[in-house]
Amino acid sequence: LAQSLLALFASSLAISLVFAIIPLCHNVVVLAVVMAVAGLAMGCIDTISNMQLVKIYQKDSAIFLQALHFFVGFGALLSPLIADPFLSDTNCILANGTASASSNLPHLRKSLLPHQPGNLSRYDLPMKGMVVTRVSYAFWIMALINLPVPIAVFFLLYKERMVPCLNGSSHPLLSADELALETRPGDKDELSTAAQRPHTAAGHEDLFSCCQSKNFRGASFTYFAVHITGALVLFMTDGIVGEYSGFVYSYAVEEPLAVVHKVAGYLPSLFWGFITLGRLISIPVSYRMKPATMVFINVVGVLITFLLLLIFSSSVVFLFVGTASLGLFLSSTFPSMLAYTEDILQYKGCATTVLVTGAGIGEMVLQLLVGSIIHDRGSYSFLVCGMIFGCLAFTFYALLVFFHRMYPKPSPELDEASPDKAAVPEGTGQYQR
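This one's a predicted model, so the numbers in the text were calculated from it and none came from an experiment.

Observations concerning the packing of helix H2 (residues 28-57) against helix H3 (residues 61-83)
Two quantities define a packed helix pair, namely the angle between the helix axes and the distance between the axes.
Then, number 1: One way to put it is that H2 packs onto H3 with a least axis distance of 9 Å and a crossing angle of 155°. Classified by the interaxial angle, the pair formed by H2 and H3 is roughly antiparallel. Seen from above, H2 lies across H3 with right-handed handedness. Note on element contacts: H3 touches H2 through Ser61, Phe64, Leu65, Leu68 and His69, opposite Ser49, Asn50, Leu53, Val54 and Tyr57.
Then, number 2: Considering only residue class, the contact of H2 with H3 consists of six nonpolar, four polar and no charged.

Observations concerning the packing of aromatic side chains
Then, number 1: In the structure shown here, the tally under the stated rule is 17 aromatic pairs.
Then, number 2: Taking the centre distance of 6.4 Å and the plane angle of 50° together, the rings of Phe296 and Phe394 count as tilted. Of the two residues, Phe296 sits in helix H13 (residues 291-311) while Phe394 sits in helix H17 (residues 381-406), which places them 98 residues apart along the sequence.
Then, number 3: Owing to a relative accessible area of 40%, Phe296 belongs among the partly exposed residues under this scheme.
Then, number 4: The class for Phe394 is partly exposed, based on a relative accessible area of 30%.
Then, number 5: Centroid distance Phe312 to Phe318: 5.2 Å. Interplanar angle 45°. Geometry classified as tilted.

Details of unusual backbone geometry
Then, number 1: Residue Pro256 is reached from Glu255 by a cis peptide bond, and omega for that bond is 10°.
Then, number 2: As for its placement among the helices and strands, Pro256 is situated in the loop between helix H10 (221-253) and helix H11 (261-264).
Then, number 3: Of note in the backbone geometry, Ala258 takes a positive phi value of approximately 50° without being a glycine.
Then, number 4: Summarising the element assignment, Ala258 is placed in the loop between H10 and H11.
Then, number 5: With a relative accessible area of 36%, Ala258 lands in the partly exposed category.

Rules used throughout
Residues numbered from 1 in each chain as written. Predicted model: local features only at pLDDT ≥ 70, side-chain atom pairs only at ≥ 80, totals over all residues. Heavy atoms only, no water. Axes fitted to C-alpha atoms, helices over the stretch in contact; angles between N-to-C directions. Helix = DSSP H or I, 4+ residues; strand = E, 2+ residues; numbered from the N terminus. Parallel < 35°, antiparallel > 145°, perpendicular 65-115°, else oblique. Left-handed = near helix turned anticlockwise from the far one by under 90°. Contact = heavy atoms within 4.5 Å. Nonpolar A, V, L, I, M, F, W, Y, C, P; charged D, E, K, R; others polar. Phe/Tyr/Trp six-rings, centres within 6.5 Å; stacked < 30°, edge-to-face > 60°. Buried < 20%, exposed > 50% of the residue type's maximum accessible area, 1.4 Å probe, protein only.

Here you go:
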């Protein structure tokens, strides 16, 4: 836990520093390095936060994962609204003829679509002159908004006596048994000592324990199959999130829809808005419904939505309805799949890393793939690609369910004989690993 919190502190602080530095980057190579640091920091936060929620709450982690990813979607929805007042509707470089160039910007944006570059020579946009833009303020505001996060993590480290030079006088916020669940008064001393034992014994191996080769000795084929198929489901679904939010605007402004640019600009916001709404709805729903059922509803819903989008591809109204529907069905796929896979694998935390990595790779690769296909085949291929990815996601989910049925269940005798099980009396409600 200490290593995880230190990594969260360093990563969240790095994000604030990166956002403060971005407006000062006047070289594309420097900007690329800074953005790479931000990507690494966000990857650490994504993996560690998911992994720790799974380890702490185990069978109840689905609710907390849904809440975590609601705030991910909420941030994605909120940050463009913060940046919007600082974005210019005119060219950011003042020179002779700037007024006429500014009026050409909407037409230039349309001509810059991937598969129809158009004749850009007729647009006169100055490349040299005095720069007039306030977009730097948006980055600095985001840096300040993020700053309370590393401060809060450091405060938690301090209160839990995990800061080496500052652990003398602070008192922990919660004892180990209080962090899990309320216990009977007579069992508190026994629970506290039992809960503290794993922390002292595990030491520095906690963070990387799932990567040790000894954990794979004697593992069945289905153990690896569950990891791979779960990662492939998220590879497809998170890839759909990336490619849809990235290309739905380009698809809308092209023929046959030819949506007005300002109206088409609402589509990504609508998509992320319904992702956020879906994750908010999923918090109470996950308390009543199994993660496997939620994932099934999600992948089937994505498949049906893309099928209807293909059928009504000439309808602007259904494009908006389909975008909202797709956001709703994709919203809880990641946290539900994470909870489902970890439930199969007895909450070891290894699946979290594999699934987060698979999702991140899918979001990157499928955007590149769809971009190149749209460039060659036209805008209609955008929906065809989504349909193919949805079919693959459903196929991989069916394989995951198949491997789940084959996966050996833990022996009750081994559970009863384990030291942790013996240390915690029945009925205390203590979460077990």
